[in-house]
Amino acid sequence: MLDTAKRHELALLAAGQPWLPALLLAGRVARPIRKVPKLGWFVADPAVARQIYNDHVHFSIVSEGAAGHWWAQVIGDWVEDLFEGPGHTDLRNKVRDLFTLKHTDALVDRVIGPALREISHNLAAGRTVDIAERARVLVGRSVSDLVGMEPADIRALFTDGGCDGDEDEPFRILFDHVEELVNLGIGTMASTTLDPAVLARAQTLATKLSAAVPAAYARADGNTTLGRCRELGLEQDHAAGLAILMAVAGTDTLASCMTRMVAILHDSREQHALLAAPDRLPDAVREALRVTSPAYLVGRSVTADVEVAGRRLVAGEHVKILTWSINNAVGDFKISRDYIPETRQLWFGGGRHLCLGAQLVHSELSALLRALTADGRPFEIVERRYRRKVFIPTYETLRIRLT
Ligand code: HEM
């Protein structure tokens, strides 16, 4: 029997893409690694996943079957160096300090602190808050700031400078825009080679997203990604590409986790355990990341024949690491669950491509949970709707109020 939290999670995945729950649940039988005709190798074992993430001789993120290949078609072949060449190590080293906990905690407090306090205030006053809508705005604001875009840039980009007093509207449009770009990834299971119509749409969306970059690049301070790119002498159009990649990597995934974390805390009744033991908040965040695993599948291509877990993988084949299946095999959401050495933080990938935004994610999810638990009372869900036909499944609406 499925419990309420799992039932909603599976329904949410199905609303995003109907075949997704079946794939991710069946994925467990792929442990450790299993070949599926026409699709390639499915990996459902944490140790094998890490072996692949750490093996840069036999596996690539930029060849057909992996995300870098998709991006190279949309924004140019130069991203291959950004993803896998010396440019990758160089850039990561030089922006590392922007992604430390000290920096991301400060960013969250400055950029979304007021909106989080408003959520606490509204809940305490007995009002209903739509967490799904709030998440889209919070994430849009924080990722834009991280990149080096000011609210005025986003406003100019999406509302011709005006927004009729609704300061959040440009960020809602930003979210929809990024999501449409991400959704073009639907249908890339067998191949990441884009058909001309999809490619044209992806390029149009990417161009729109980067339209504010020249001004921001010239002005952004060194404590932002664009500012750092300028100081490092990275060409402006490459900096624009990086800004798009950041926006895409950090928008849907984080908004999805935020909203689903709140729903799961309610559905599993674990919110009561959290209210009774507030020091377990970091565990609640880690558990939310584990069971939601918004980047549910990560692709790699085989660049040279290699043996993995006793199977022979041949150059040109694809590999799909089933992040969701691996992480969910551990068990249901429990805030009393300690760190699991076996899975570590596989929801953020592994090896040299380990998610750069991991600390920002922790800062943001923690701040949201503190805002929701500030009053000390549990909440109830008064309305929920899943978002339909999306690459990263999430809620369209999740309205909560304190009980
Ligand atoms: C819950 C939210 C998030 C999840 C689950 C997540 C997950 C991941 C995963 C699995 C990867 C590795 C992809 C691969 O190896 O092919 C990755 C990479 C990356 N993520 Fe995240 N991510 C999240 C949020 C963010 C945020 C907020 C940002 C920053 C704005 C971000 C920036 C990046 C970047 C730049 C990379 C590429 C790193 C590299 O190639 O060196 N992510 N993320």
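Higher on the page you've got the structure.
Notes on the structure in this doc start here. (Residues numbered from 1 in each chain as written. Predicted model: local features only at pLDDT ≥ 70, side-chain atom pairs only at ≥ 80, totals over all residues. Heavy atoms only, no water.)

Once that is clear, we can look at the pattern of salt bridges. Enumeration according to the criterion identifies 32 salt bridges in this entry. Notably, a salt bridge pairs lysine 6 with aspartate 332, separated by 3.9 Å at the nearest N-O pair. Placement of lysine 6 in helix 1 (residues 4–16) and of aspartate 332 in the loop between helix 19 (323–328) and helix 20 (358–373) is noted, with a sequence separation of 326 residues between them. By relative accessible area, lysine 6 is classed as buried at 14%. For aspartate 332, a relative accessible area of 36% translates into the label partly exposed. One salt bridge connects arginine 219 with aspartate 153, and the closest N-O pair in it is separated by 2.8 Å. In this pair, arginine 219 is assigned in helix 13 (residues 213–219) and aspartate 153 in helix 10 (residues 151–159), connecting sequence segments 66 residues apart. (Salt bridge = Lys/Arg side-chain N within 4 Å of Asp/Glu carboxyl O. Helix = DSSP H or I, 4+ residues; strand = E, 2+ residues; numbered from the N terminus. Buried < 20%, exposed > 50% of the residue type's maximum accessible area, 1.4 Å probe, protein only.)

A few words on the coordination of the iron atom of the ligand. Looking at the iron atom of the ligand, one finds just one donor atom contributed by the protein, Cys355 (SG), at 2.3 Å. Mapped onto the elements of the fold, cysteine 355 is located in the loop between helix 19 and helix 20. (Donors = N, O, S within 2.8 Å, 3.2 Å for Na, K, Ca; no water.)

Turning our eyes to something else, we now look at the nonpolar core. Of all hydrophobic cores here, the largest spans 115 residues; its most connected members are Trp71, Leu116, Leu181, Leu226, Leu365, Leu398 and Ile400. Those residues in contact with tryptophan 71, other than ones at most four positions away along the chain, are Gly76, Val79, Phe83, Leu181, Ile244, Leu245 and Val248. Listed in part, the 17 residues of the second largest apolar core include Leu313, Val319, Ile321 and Ile326. (Core = buried A, V, L, I, M, F, W, Y, C linked by side-chain atoms within 4.5 Å. Contact = heavy atoms within 4.5 Å.)

Attention now goes to the sheet that holds strand 3 (residues 59–60). Spatially, the five strands line up as an open sheet ordered 1-2-8-5-3, and their pairing is mixed. Bordering the open sheet on either side are strand 1 (33–36) and strand 3, each of which pairs with just one other strand. Seen against the sheet, helix 3 (residues 46–54) touches strand 2 (40–43), strand 3, strand 5 (298–302) and strand 8 (318–321) and runs at an angle of roughly 130° to strand 8. (Pairing = 2+ DSSP bridges. Axes fitted to C-alpha atoms, helices over the stretch in contact; angles between N-to-C directions.)

As a matter of local geometry, the ligand sits amid 25 residues, with His88, Arg92, Arg300, His353 and Cys355 nearest to it. Histidine 88 is positioned with one of its side-chain polar atoms (N or O) 2.7 Å from an oxygen atom of the ligand. Put simply, the parts of the chain that give the shell around the ligand at least two residues each are helix 6 (86–95), helix 15 (236–250), helix 16 (252–267) and strand 5. The residue makeup of the shell around the ligand, split by class, is 16 nonpolar, six polar and three charged. (Near = heavy atom within 4 Å. Polar contact = N/O pair within 3.5 Å; in protein donor to acceptor, adjacent residues only side chain to side chain. Nonpolar A, V, L, I, M, F, W, Y, C, P; charged D, E, K, R; others polar.)

Here we come to the sheet that holds strand 4 (residues 129–130). Strand order in this open sheet of three strands is 4-10-9, and the pairing throughout is antiparallel. At either end of the open sheet lies a strand with only one pairing partner, and these are strand 4 and strand 9 (379–386). Two strands pair when backbone bridges link them, and strand 9 and strand 10 (residues 395–402) are joined in this way by seven bridges, in the antiparallel orientation. Considered in strand 10, the bridge of glutamate 380 is made with arginine 401. Sheet strands touched by helix 1: strand 9 and strand 10. Its angle to strand 9, the strand with the most contacts, is close to 25°. Strands in contact with helix 8 (residues 113–124) are strand 4 and strand 10; relative to strand 10, the strand with the most contacts, it is inclined by about 55°.

Running from N to C, helix 9 (residues 131–147) and helix 20 point in directions that differ by 140°, and their axes come no closer than 12 Å. Classified by the angle their axes make, helix 9 and helix 20 are oblique. For the crossing formed where helix 9 meets helix 20, the hand is right-handed. Together, Ile131, Leu138, Val139, Ser142 and Leu146 of helix 9 and Leu360, Glu364 and Leu372 of helix 20 make up the contact between the two elements. Across the contact of helix 9 with helix 20, the residue classes tally to six nonpolar, one polar and one charged. (Parallel < 35°, antiparallel > 145°, perpendicular 65-115°, else oblique. Left-handed = near helix turned anticlockwise from the far one by under 90°.)

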